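The chain contents come next:
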Amino acid sequence: IFMMKLNCITTDIQDASFENNFISIYPNPSSGEFSLSLKEELDGSVIVTDVMGKEILKQELTGTKEIKLTLETKGLYFVKLESGGKRMVKKIVVQ
């Protein structure tokens, strides 16, 4: 008898599409000034971390559709939006 165990990850295309269309971050890359535009008002939080996972910024959101970010150190960062048990992560680059 031959048995094989496969680890499968299932993703929902609809959720991925929702995430990609829910937030727009521009310009990206930039010199450190970013605008985050949300398709709808959001209650939750936005957290910016560096590539090592160090929290750079955390901001609570209440009915927010537009966020301005200023980052001074060049590098790659992750912007995490958390709301209603869902988490969206986007990469941004400071040049």
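Residues numbered from 1 in each chain as written. Predicted model: local features only at pLDDT ≥ 70, side-chain atom pairs only at ≥ 80, totals over all residues. Heavy atoms only, no water.

1. A word on the overall build of the chain
When helices and strands are counted, the chain shows one helix and five strands. Listed N to C, the secondary structure of the chain is α-β-β-β-β-β in terms of helices and strands. A buried classification covers 29% of the 95 residues belonging to the chain. By element, 52% of the accessible surface of the chain is carried by carbon and sulfur atoms, the whole surface being about 6,900 Å². (Helix = DSSP H or I, 4+ residues; strand = E, 2+ residues; numbered from the N terminus. Buried < 20%, exposed > 50% of the residue type's maximum accessible area, 1.4 Å probe, protein only. Areas by Shrake-Rupley, 256 points an atom, 1.4 Å probe, with all protein chains shown as cover.)

2. Quick word on the pattern of salt bridges
Where side chains of opposite charge bring their charged atoms close, a pairing between them can arise. Taken as a whole and judged by the stated rule, the model has one salt bridge. Across the pair Arg 87 and Glu 82 runs a salt bridge whose closest N-O atoms are separated by 2.6 Å. A relative accessible area of 25% places Glu 82 in the partly exposed class. (Salt bridge = Lys/Arg side-chain N within 4 Å of Asp/Glu carboxyl O.)

3. Quick notes on the environment of Val 48
Residue placement: Val 48 occurs in strand 2 (residues 33–50). Along the backbone, Val 48 and Leu 71 are 23 residues apart, and their C-alpha atoms lie at a distance of 9.6 Å. Val 48 has contacts with Lys 54, Glu 55, Ile 56, Leu 57, Leu 69, Leu 71, Tyr 77, Phe 78 and Val 79, leaving out every residue within four places of it along the chain. (Contact = heavy atoms within 4.5 Å.)

4. Focus: the side chain of Thr 49
Tracing the sequence through the fold places Thr 49 in strand 2. Thr 49 gets classed as buried once you look at its relative accessible area, which sits at 6%.

5. Some thoughts on a nonpolar patch on the surface
On the surface, a cluster of nonpolar side chains totalling about 380 Å² of accessible area is made up of Val 51, Met 52, Leu 76 and Val 93. In this structure, Leu 76 sits in strand 4 (residues 75–83). (Patch = residues over 30% accessible without salt bridge, like charges linked within 9 Å, V, L, I, M, F, W, Y side chains within 5 Å.)

6. With respect to the pairing of strand 3 (residues 55–70)
Across 12 bridges, strand 2 lies against strand 3 in antiparallel orientation. Directly across from Ile 47, in strand 3, lies its bridge partner Lys 58. (Pairing = 2+ DSSP bridges.)

7. What about the confidence of the model for the chain?
In this model, the chain carries a mean pLDDT of 78, and residues with pLDDT of at least 70 account for 78%. Confidence, expressed as mean pLDDT per element, reaches its minimum in the chain at helix 1 (residues 13–22) with 51 and its maximum at strand 4 with 91. In this model residues 1–15 is a low-confidence stretch, pLDDT under 50, and it forms one contact with partners more than four residues away in sequence or in other chains. (pLDDT = per-residue confidence, 0-100.)

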